[in-house]
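This is what each chain is made of:
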Amino acid sequence: MSILRRALEKRVVSQWGDSSIPTNGSLAGLASSGVPVTDQRALQLAAVYACVRILSTSVSGLPMRAMRPQGGITVPVPDQPTIVADPFGGANDVRFLSRRAGFQQLAVSLGLRGNAYALVLSRDWLFRPNRLMVVHPDRVKVAWDDDGGRCYEVDHQPVPPSDMVHLMGMCLPGSPTAMSPISYARHAIGLGLAALDFGGGFFNKGAHMTGVITVDGNLDKAQARQLKEGFEASHSGMANAHAVGVLSGGAKWQSISVTPEDAQFLGTRAAANLDMAMLYGIPPHMLGQVDRTTSWGTGIEQQWLGFLSVTLEPWIGIYEDAWTAMLPRGTSAKLDTHHLLRTDTAGRMSSYVQARTAGVFTLNELRAKENCPPVPGGDDIFAPLNSAHGGADPAAATEPTTDPSTEE
């Protein structure tokens, strides 16, 4: 590798906060508000924690299936591969992660670092991956090799690229890793953390001078300190809120009201929530901004549809692309999002009637959507809604019957 290329890679790392660099220690970025911002520190901001939680739980809760084209449509593979059904080995061994837990950990790494890594532990007889292990981003180092491909190190040990599953978010051209949302938004996150710290200090002992005590005559430093400490011990803190104060010796209390500038931190916290919603593409009403509820649709179904198409669709594509690469050619991995679009009972039944009338679904297909068992005769897509057999076998109803008493 040339010296110029090494220098350019180091410049990218130092400037863009490459996720292969640990952000838990001394390399943490310092925000303009003076607050150090790391991924762990950012999670202390409720809006960041809520955004990462919503994304990770939403994606990890979607069922994944291996699909294959058949007759112009894609149908599930009869025997689902292990890498899809149980990629982390937790179904039969409690020591390992379940599919939902593994997907959630990968989503948390994506949300905080922009990159997620999983190491291939074993392969089947066709040399396809069938067991993965989630790896913390701090343990992984990514760079370019001389052939222009990515090379990986885990705990300073080289790992073949074929044994590493690398999920990437938004990425700069020429960078081996994706961009970390926490690194790029550290100033906005730092402002929210600074407002959080200010609010804690404001309600603890007061971030400003709440009042002054005036006395006739002059006090030396010891007397002034004794008067101040005695008053604070009896009246500062939440435990002494609304307590009755007594001043002697001609001392008088003069309260100082909160200025609008000091009260502005409440608006700053609300703005920080909106900034995090924009950063992660989360609907503001999911973070408590109910005044913007209708901005993503006028109903629950429309809001979920907007959340699915704008927010979850890119994340779903990252998982599907990574898992499709581990499946045989012609087979693709798909995350099922149908349950996210389920409406209320009346809305579902109305749509079922329309689909049944138009001949889109059979009766048994619609019953399967509601987890109901099939009924005889329910697989005929051309059967009218007012069919006379009412679930009975129409072939049995047309068979001629013979009265045994009339036979000779």
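All values derive from a computational prediction rather than experimental measurement.

1. Let's talk about the overall build of the chain
What the chain contains, in helices and strands, is 13 helices and 13 strands. Counting only residues that meet the buried cut, the chain has 33% of its 408 residues in that class. When contacts within the chain are restricted to residue pairs at least 6 apart in sequence, long-range pairs at least 24 apart make up 60% of them. Of the roughly 24,400 Å² of accessible surface on the chain, 57% is carried by carbon and sulfur atoms.

2. Some points on the sheet that holds strand β3 (residues 64–70)
Taken together, the three strands give an open sheet; going across it, the order is β4-β3-β13, and neighbouring strands pair in antiparallel fashion. Of all strands in the sheet, those bounded by a partner on one side alone are β4 (73–76) and β13 (332–335). With direction set aside, neighbouring strand axes in the sheet form an average angle of 50°. In terms of strand pairing, β3 meets β4 through four bridges, oriented antiparallel. If you follow Arg68 over to β4, its bridge partner there is Val75.

3. So, the pattern of salt bridges
Counted according to the given criterion, the structure contains six salt bridges. Its salt-bridge partner being Asp138, residue Arg113 comes within 2.9 Å of it at the nearest N-O pair. Of the two residues, Arg113 is situated in helix α5 (residues 99–113) and Asp138 in the loop between β6 (129–135) and β7 (140–144); the sequence distance between them amounts to 25 residues. Of the charged contacts, one joins Arg139 and Asp155 as a salt bridge, the two residues approaching to 2.8 Å between their closest N and O atoms. You can see Arg139 sitting in the loop between β6 and β7 and its partner Asp155 sitting in the loop between β8 (150–154) and β9 (157–159), a full 16 residues away along the chain. Linked by salt bridges that have partners in common, Asp39, Arg113 and Asp138 make up one network.

4. Regarding the sheet that holds strand β10 (residues 164–168)
The antiparallel open sheet is built from three strands, whose spatial order is β6-β5-β10. Looking at which strands have only one partner, the edges of the open sheet turn out to be β6 and β10. Sheet twist, expressed as the mean angle between neighbouring strand axes with direction ignored, is 30°. Looking at chain direction, strand β5 (residues 115–123) and β6 are connected through six bridges and run antiparallel. From the neighbouring strand, Arg123 faces β6, where its bridge partner is Pro129. The strands touched by α5 are β5, β6 and β10; relative to β5, the strand with the most contacts, the crossing angle is about 145°.

5. Considering the packing of aromatic side chains
According to the stated counting rule, one finds four aromatic pairs in the structure shown. Ring centres of Phe103 and Trp323 lie 4.9 Å apart, and the angle between their planes is 70°; this geometry places the pair in the edge-to-face category. With a gap of 220 residues between them, Phe103 in helix α5 and Trp323 in helix α10 (residues 300–324) connect regions that are remote in the sequence. You'll find Phe103 and Trp323 in the same group, each marked buried. Here the aromatic rings of Tyr319 and Trp323 are separated by 6.3 Å at their centres, their planes lie at 25°, and the arrangement is stacked. Of this pair, Tyr319 and Trp323 both sit in helix α10, separated by four residues, roughly a single helical turn. Among the residues examined, Tyr319 registers a relative accessible area of 0% and is labelled buried. Feature note: the residues Phe88, Phe103, Tyr319 and Trp323 constitute an aromatic cluster, connected by ring pairs. The ring of Phe127 is capped by Arg123, whose NZ or CZ atom sits 4.5 Å from the centre of that ring. The positively charged end of Lys369 is found above the aromatic ring belonging to Phe361, 4.7 Å away from the centroid.

6. Some remarks on helix α3 (residues 46–60)
Taking 1.5 Å as the rise per residue, α3 with 15 residues should run 21 Å; its terminal C-alpha atoms sit 21 Å apart, in good agreement. Taking burial as the measure, the 15 residues of α3 include eleven buried ones, the bulk of the element. Three or more residues of α3 are buried, namely Ala47, Val48, Ala50, Cys51, Val52, Ile54, Leu55, Ser56, Ser58, Val59 and Ser60.

Rules and cut-offs
- Residues numbered from 1 in each chain as written.
- Predicted model: local features only at pLDDT ≥ 70, side-chain atom pairs only at ≥ 80, totals over all residues.
- Heavy atoms only, no water.
- Helix = DSSP H or I, 4+ residues; strand = E, 2+ residues; numbered from the N terminus.
- Buried < 20%, exposed > 50% of the residue type's maximum accessible area, 1.4 Å probe, protein only.
- Contact = heavy atoms within 4.5 Å.
- Areas by Shrake-Rupley, 256 points an atom, 1.4 Å probe, with all protein chains shown as cover.
- Pairing = 2+ DSSP bridges.
- Axes fitted to C-alpha atoms, helices over the stretch in contact; angles between N-to-C directions.
- Salt bridge = Lys/Arg side-chain N within 4 Å of Asp/Glu carboxyl O.
- Phe/Tyr/Trp six-rings, centres within 6.5 Å; stacked < 30°, edge-to-face > 60°.
- Lys NZ or Arg CZ within 6 Å of the ring centre and 35° of its normal.
- Expected span 1.5 Å × (residues − 1).

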